[in-house]
Amino acid sequence: MSPIDYSRRVFCGQLTSADTGREVLLAGWVDAFRDHGGLLFIHLRDRSGIVQVVFSPEIGSTAVCQQAASLRAEYCIAVSGEVKPRLPGTENDHISTGTIEVMVKELAVLSESDALPFPISEKAMVAGAPSASLDHVTEDLRLQHRYLDLRRPSMRDHLIARHRIFQCARQFLDSRGFVEIETPMLTMSTPEGARDYLVPSRVHPGKFYALPQSPQLFKQLLMIGGMERYFQLARCFRDEDLRPNRQPEFTQIDIEASFIDEEFIYEMIEELAVRMFAVGGIELPRPFPRMTYAEAMDTTGSDRPDLRFGMRFVDVTDLFSQTQYSIFRQILQRGGRIKGINVQGQSDRLSKNVLQNEYAKEIVPSFGAKGMTWMRAEKGQLASNVVQFFSRGEQEALRARFGVADGDVLILIADPSHAVVTSALGQLRLHLANRLGLIPAGRFCPVWVTEFPLFEATEEGGVTSSHHPFTAPDRTDFDPRNVEELLALRSRAYDLVVNGEELGGGSIRINRRDLQRKIFDALGLSEEETMNRFGFFLRAFDFGAPPHGGLALGMDRTVSMILQTPSIREVIAFPKNRSAGCPLTGAPSTVKREQLAELGLLNLGGTDKLAGADTAENRVDHLSWVSRIGIAAGERAMMEEVLDQAEALASIATENAGKEEPIWGVVPVANRTRPGTRAQRSPLAETGQLLKSAPAVKGSYFKVASILE
Amino acid sequence: MDSICHYRNSEPAASGDGPLRGLRVALQPNFSVAGWPAEAGSKALAQFTALEDATIVRRLRRAGAVLWGSTRMSEFGFGLRGSQAGGALLERAADVELVLDLMGESRAAASRAGVCGFKPSYGLVSRCGLVDLIPSMECCGLLSRSLAQIREILKVVAGPDEGDFSLPDEKAPDFSSQAIDPSRIRIGVLREAREALSAGAQASLQASVDELARAGFSMVEVSLPEHGLFPVVHRIAGSVEASSCAGRYDSVRYGARAPGGKNWNGMYIRTRGAAFGALLKSYLIQGAFFQFDRYGAFEDACRIRARLVAGMERLAAEADFLLLPAVDGAAPEAPATLAETYAQFAPTLFANVTGQPALFLPARPGAPGAGFQLAGPRRSDPRLIALGEHVLKGRKGGGQ
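Residues numbered from 1 in each chain as written. Chains lettered and ligands numbered in written order. Predicted model: local features only at pLDDT ≥ 70, side-chain atom pairs only at ≥ 80, totals over all residues. Heavy atoms only, no water.

(A) Molecular detail of the overall build of chain B. Across its full length, chain B carries 13 helices and 11 strands. The C-alpha radius of gyration computed for chain B amounts to 21 Å, which stays within 12% of the reference 21 Å derived for 400 residues, consistent with globular compactness. Each principal axis of the C-alpha atoms in chain B carries an extent, and together these give about 70 × 50 × 40 Å. Looking at chain B as a whole, 62% of its 400 residues qualify as buried. Across chain B, the fraction of contacts at a sequence separation of at least 24, relative to all contacts at a separation of at least 6, is 76%. Approximately 13800 Å² of chain B is accessible, and the part contributed by carbon and sulfur atoms is 49%. Counting 44 positive and 41 negative side-chain charges, chain B places the centres of these two groups 2 Å from one another. (Helix = DSSP H or I, 4+ residues; strand = E, 2+ residues; numbered from the N terminus. Rg over C-alpha atoms; globule rule 2.2 N^0.38 Å. Buried < 20%, exposed > 50% of the residue type's maximum accessible area, 1.4 Å probe, protein only. Contact = heavy atoms within 4.5 Å. Areas by Shrake-Rupley, 256 points an atom, 1.4 Å probe, with all protein chains shown as cover. Lys, Arg positive; Asp, Glu negative; His and termini not counted. Charge placed at Lys NZ, Arg CZ, Asp CG, Glu CD.)

The structure is reproduced here in structure tokens:
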């Protein structure tokens, strides 16, 4: 091929039948190929899409056709040739260019590819053929070769859509007068409540920067600095416990504005969300409904209510004030509550066996409640194992309160603790909705959750901030020493929740010194302590801080929701895996000793115990954990005693051990399968008998608790 | 009878016609009998029903034995706390009892019931279908008033079993009855074992030495200076094996699951915390200590075990059999702690460490103490039983 003039290059995915007859230069990767004996078809892929190129001895030279025969998947090539319409009946509806093909005259192999660790091609070459699937490829293998994974059209589409959503947000915020300002990555620890990622300072040995958990303090300082409206697509870092859908670093749209109130935030963020979701073709209905924290907890048991389906809680405590049913009576005597949900029309799918043996015995206890009461409505009656204990009046009142119709299933949870009732019922609501398929696909239900409690009670009888200590309270005339009054305070915080997921949250902040001091007072922090921890920040409030507030939206989660991907890793170019590692680079990794020495980290802490630092883990706790055996408080002394003896035995064994080879048994055989015998399936497995003694079974499987939290 | 019984067979009929026809056998609920509860004395196996017969049970049935039922047992057969082993013999409800011997339980139960108790050589009898705890040490012990019955049973049950992955393929020795010539047999008294006894127990040991001497055996004193290390080795290696074995009790395939575990680990910790009794739990935690924190000490214990096995084999050049005490009267009767349990079994656990056969014989009527142990080298089981039969026959003859 003559020297390639890339300025003439056109994009595969942009060719149409209008280009028929045109001579084009294409460059990209061999997505797939079909050899029809002398005639070679190739799917050529670049970022824009795929077009079929054809090597035919009638068009290309013998040399070109021979070279083409050596092409393999993911070779990087350039071709030039003429665009031709495909013969009728050979069109391919899998690709946008399926009505045309390019007859190749010249070919250049720009770079060859090894055999692939997993298939990249997603588009079948023949109309109606199934597309390739990655189902059997482990995610770690994809992450290890992420550069190949990104060549797949679906990953490419995700990243491009992410870019579109980010662009949409930038343009919108710019149009509303927001200025994009970067805040530092190497900074002080901020009070977000998670663990910091620390970066050692070489210049200041023994001192550390923290990577930001969020730009919280800086964005408030920007308001005090008079910037009035700020935003940033900020990278944040949190060293939190591993969860399936969580990344140690993530991106949020961070927003702060001065001289505003909640209504400003609601209006602007709703508009922003509507535009971002529209990129994915999703229409969000405005205005977003609002729900107080108390209402969300009372009716869904969650501060992240999923409003795509019903089953809101109904309080029936009052209906049982005179009940003869002893379980309810005892719970009510202890000041308890009874709440329930109506699973409408599902009685066919919730058999007595499922309700009693799965839900009442297994699932609901795992949600923290002691049990549940169920009733199925059939033939105008309530039927269940306990309904005989309810009076006629109670049954009638239940039917009326829940609006029961035949085929409905009522589920009640009663407990002395209201928190247990709502928490268990909330988890049950989600469990049932998922199991019964009650969540409509393609539905998006945003909601603002407001009026969170400002404080939570601590075990020591004090209070701690629910959000952070700079959140404004709903009123300022409280007594900072009156815990009861403090716990009744509402905050001016708000969360944006969509489909049961928190996409973001924020608050109106405190801008007055006296109020901030009162909050610290309530938290039991002395003037000195607060100055030590937040001195630089609080000092700024001495110079005319404007009223301000803001919000941050988790963008990985938002984009994942808009694109409806199974995990947020599908919308991040180079994510960490579930163990917070990077299979591609191998991070985190060990480092050279010299590097540690240079950073002054070698003797940090040393073998000396740090004053005030926790000593090593208790040995009973450690052994209890590694052997997964719970030790009750009353048993600890016995375990400690045995371990003291074990230490002594270990010393005796070590002192008396000679040079003999250790033996693990007295006959010269280890557990083994005899030669000539083969492992075989037990007939007891075939008949299902093996499941007979299992405490929990689902179908032909043993059932266990969830493996991840 | 209920106080003894864990499970009572409602159809105790012989199913086979063989050499054991009509012999009534009681066992413990850690031996699998298809359809019987096999809870092995532990909540970790609550409600567990055996699906198949253990190899030994199958062989017993085929030979015509009648399975009477199972006796109450300690947790996984470790020690005798809560055990009714020997009770079915005392009540004359069974002729023979099978009792798992981890550290001497079958011999101690025989001593309690005043009957003969035999722990065979390690590797002689299949453990396939047994709920095990210390695989390298435990054996199926046999209790009976008659050593002939024990011999007949071993004839039927001893020998290779494809189902037991740890069993050597050694052919079982010949269990036909054989004559004993006392003048050609030296019986050793282990000095260190004698010296470890309290004064009262030494006196009863001396009475059995005298009995054997009068029967014409040549009695010699032998010595194994490291005898005191037997309990150390047993306790370290045994607890590691137990901790490893007990890993299977996860409330997934069997057992009762404790509620409230939020995830897999929570399920394990709660369930296993509720499943095991305090004594066994302390043993398992000790085993975890040696597995996870002091593995080197476990290896050292296994080195010492090699030396002890070799040491006992060397004594065979000086004495054909050993006479040993069976119980130390000073040890606690119903131990509640690990240290007390090991004190109780100090005289018997050597045979579990070395895998040699050991026979408990009740004392001659009128003699002090409950009885004594005779032990021989591994696979000397038929001669050891013949020796016991000879001693018992001598008593019947009323010679002395």
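(B) Focus on the overall build of chain A. The number of helices and strands found in chain A is 19 helices and 24 strands. For chain A, the spread of C-alpha atoms along the principal axes amounts to about 95 × 85 × 80 Å. Expressed as a percentage of its 709 residues, the buried residues of chain A come to 46%. Residue pairs in contact within chain A that sit at least 24 positions apart in sequence constitute 68% of those at least 6 positions apart. Accessible area for chain A stands at about 35900 Å²; split by element, carbon and sulfur atoms hold 51% of it. Positive and negative charge centroids in chain A, built from 80 and 91 side chains respectively, lie 4 Å apart.

(C) Structural context of the sheet that holds strand S5 (residues 100–111) of chain A. Residue and element names in this part refer to chain A. Strand order in the closed barrel formed by 5 strands is S1-S2-S3-S5-S4, and the pairing between neighbours is mixed. Each neighbouring strand pair of the sheet contributes to a mean axis angle of 55°, computed without reference to strand direction. Here strand S2 (residues 40–46) runs beside strand S3 (residues 49–55); their pairing, made up of 7 bridges, is antiparallel. Its bridge partner lying in S3, His43 is registered against Gln52. Lying over the sheet, helix H1 (residues 62–69) contacts S2, S3 and S5, oriented at roughly 75° with respect to S5. (Pairing = 2+ DSSP bridges. Axes fitted to C-alpha atoms, helices over the stretch in contact; angles between N-to-C directions.)

(D) Molecular detail of the sheet that holds strand S7 (residues 186–190) of chain B. Residues and elements named next belong to chain B. With mixed pairing, 11 strands are arranged side by side in an open sheet as S1-S3-S2-S4-S6-S5-S10-S11-S9-S7-S8. Both edges of this open sheet fall to strand S1 (5–8) and strand S8 (218–222), since each of them pairs with a single strand only. The average undirected angle you get between the axes of adjacent strands in this sheet is 25°. Where strand S4 (residues 96–101) meets strand S6 (residues 139–144), 6 bridges bridge the pair, whose relative direction is antiparallel. Across the sheet, residue Glu97 finds its bridge partner in S6, namely Leu143.

(E) Main features of the domain arrangement of chain A. Partitioning chain A into structural domains gives domain 1 (6–111), domain 2 (139–293 + 496–508 + 546–599), domain 3 (309–439) and domain 4 (453–490 + 512–543). The gap between the C-alpha centroids of domain 1 of chain A and domain 4 of chain A is 68 Å. (Domains from an automatic or database assignment.)

(F) Quick peek at the pairing of strand S9 (residues 229–237) of chain A. All names here are of chain A. Along S9, 7 of the 9 residues are buried, which leaves the element largely enclosed by surrounding structure. For strand S6 (residues 179–180) and S9, the ladder comprises 2 bridges, and the chain directions are parallel. Across the sheet, the residue bridging to Glu180 is Phe231, located in S9. Of the pairings in the sheet, the one linking S9 to strand S10 (residues 249–258) comprises 9 bridges and is antiparallel in character. Each bridged residue has a counterpart across the sheet, and for Tyr230 the counterpart in S10 is Glu256.

(G) Structural context of a nonpolar patch on the surface. Taken together, the side chains of Tyr147, Phe574 and Leu584 of chain A define a hydrophobic patch exposed on the protein surface, amounting to about 300 Å² of accessible area. Along the chain, Tyr147 of chain A falls in helix H3 (residues 146–149). (Patch = residues over 30% accessible without salt bridge, like charges linked within 9 Å, V, L, I, M, F, W, Y side chains within 5 Å. Salt bridge = Lys/Arg side-chain N within 4 Å of Asp/Glu carboxyl O.)

(H) Here's a closer look at the environment of Met125 of chain A. All names here are of chain A. For Met125, the position within the fold is in the loop between S5 and helix H2 (139–144). It is 55 Å that separates the C-alpha atoms of Met125 and Ala377, two residues lying 252 residues apart in sequence. In contact with Met125, not counting residues within four places along its chain, are Ala32, Phe33, Arg34, Phe41, Ile42, His43, Gln52 and Asn92.

(I) Expanded view of the packing of helix H17 (residues 619–626) of chain A against helix H18 (residues 636–656) of chain A. Residues and elements named next belong to chain A. In the contact formed by H17 and H18, the axes pass within 10 Å of each other and the chain directions differ by 95°. As far as their axial angle goes, H18 and H17 are roughly perpendicular. Within the contact between the two elements, H17 uses Arg619, Val620, Asp621 and Leu623 and H18 uses Arg636, Met639, Glu640, Leu643, Asp644 and Glu647. Taken together, the residues of the contact of H17 with H18 break down into 4 nonpolar, no polar and 6 charged. (Parallel < 35°, antiparallel > 145°, perpendicular 65-115°, else oblique. Nonpolar A, V, L, I, M, F, W, Y, C, P; charged D, E, K, R; others polar.)

(J) Summary view of the interface of chain A and chain B. Tallying the contact residues gives 60 residues for chain A and 73 residues for chain B. When chain A packs against chain B, close to 5600 Å² is buried across both sides, 66% of that on carbon and sulfur atoms. A per-residue breakdown of the area chain A buries against chain B is headed by Trp664, Val666 and Arg674 of chain A, which together make up 11% of the total. Counting across the chain A and chain B interface gives 3 salt bridges. Our count for the chain A to chain B interface comes out at 16 residue pairs in polar contact (both at pLDDT 80 or more). Of all the elements in the fold, those that place two or more residues in the side of chain A that touches chain B are helix H9 (352–366), H17 and H18 of chain A. Among the residues making up the side of chain A that touches chain B, the classes are represented as 34 nonpolar, 15 polar and 11 charged. (Buried area = accessible area lost by both parts, 1.4 Å probe. Polar contact = N/O pair within 3.5 Å; in protein donor to acceptor, adjacent residues only side chain to side chain.)

(K) Examining the nonpolar core more closely. Of all hydrophobic cores here, the largest spans 135 residues; its most connected members are Ile56, Phe76, Phe78, Phe276 and Phe290 of chain B. Not counting residues within four places of it along the chain, the set of residues in contact with Phe290 of chain B comprises Ala646, Leu649 and Ala650 of chain A together with Ile236, Ser239, Val240, Tyr295, Ala297 and Phe298 of chain B. (Core = buried A, V, L, I, M, F, W, Y, C linked by side-chain atoms within 4.5 Å.)

(L) Just the packing of aromatic side chains, in detail. Residues and elements named next belong to chain A. The full count for this structure, using the stated rule, is 31 aromatic pairs over all chains. Considering the side-chain rings of Tyr325 and Phe390, the 5.3 Å spacing of their centres and the 85° angle between planes classify their relative orientation as edge-to-face. With a gap of 65 residues between them, Tyr325 in the loop between strand S12 (314–315) and helix H8 (326–333) and Phe390 in the loop between strand S15 (381–383) and helix H10 (392–402) connect regions that are remote in the sequence. You'll find Tyr325 and Phe390 in the same group, each marked buried. Ring-pair connections join several aromatic residues into one group, and the members of that group are Phe470, Phe520, Phe534, Phe536, Phe537 and Phe541. Against the face of Phe478 rests Lys518, its NZ or CZ located 4.6 Å from the ring centre. (Phe/Tyr/Trp six-rings, centres within 6.5 Å; stacked < 30°, edge-to-face > 60°. Lys NZ or Arg CZ within 6 Å of the ring centre and 35° of its normal.)

(M) Examining the packing of helix H7 (residues 230–245) of chain B against helix H10 (residues 295–315) of chain B more closely. All names here are of chain B. Between H7 and H10, the least distance of the axes is 9 Å, while the angle of their chain directions is 130°. Here H10 runs oblique to H7, going by the angle between their axes. Viewed along their axes, H7 and H10 form a crossing whose handedness is left-handed. Two secondary-structure elements touch here, H7 through Phe230, Val233, Ile236, Ala237, Val240 and Glu241 and H10 through Ala297, Phe298, Ala301, Ile304, Arg305, Leu308 and Met312. Classifying every residue of the contact of H7 with H10 gives 11 nonpolar, no polar and 2 charged. (Left-handed = near helix turned anticlockwise from the far one by under 90°.)

(N) Seen up close, H7 of chain B. Between its terminal C-alpha atoms H7 of chain B stretches 22 Å, which fits the 22 Å expected from 16 residues at 1.5 Å a residue. Among the 16 residues in H7 of chain B, 14 count as buried, and that is most of the element. (Expected span 1.5 Å × (residues − 1).)

(O) Summary view of the pattern of salt bridges. With the rule as written, the count across this model stands at 65 salt bridges over all chains. Taking the shortest distance from any N to any O, the salt bridge between Arg170 of chain A and Glu180 of chain A comes out at 2.9 Å. With Arg170 of chain A in helix H4 (residues 153–175) and Glu180 of chain A in strand S6, this residue pair connects regions lying 10 residues apart in the sequence. Here Arg170 of chain A falls in the partly exposed class, since its relative accessible area comes to 29%. The partly exposed category is assigned to Glu180 of chain A, whose relative accessible area is 37%. One salt bridge connects Glu635 of chain A with Lys281 of chain B, and the closest N-O pair in it is separated by 2.6 Å. Remark: Lys281 of chain B occurs in helix H9 (residues 278–293) and Glu635 of chain A occurs in the loop between H17 and H18; the pair is interchain, linking two chains. An identical accessibility class is assigned to Glu635 of chain A and Lys281 of chain B; each is buried.

(P) Summary view of H9 of chain A. Its maximal kink placed at Tyr359 of chain A, H9 of chain A deviates by approximately 50°. Those residues of H9 of chain A not exposed but buried are Val354, Leu355, Glu358, Tyr359, Ala360, Ile363, Val364 and Pro365 of chain A. (Bend = angle between axes of the 7 residues up to and from the residue.)

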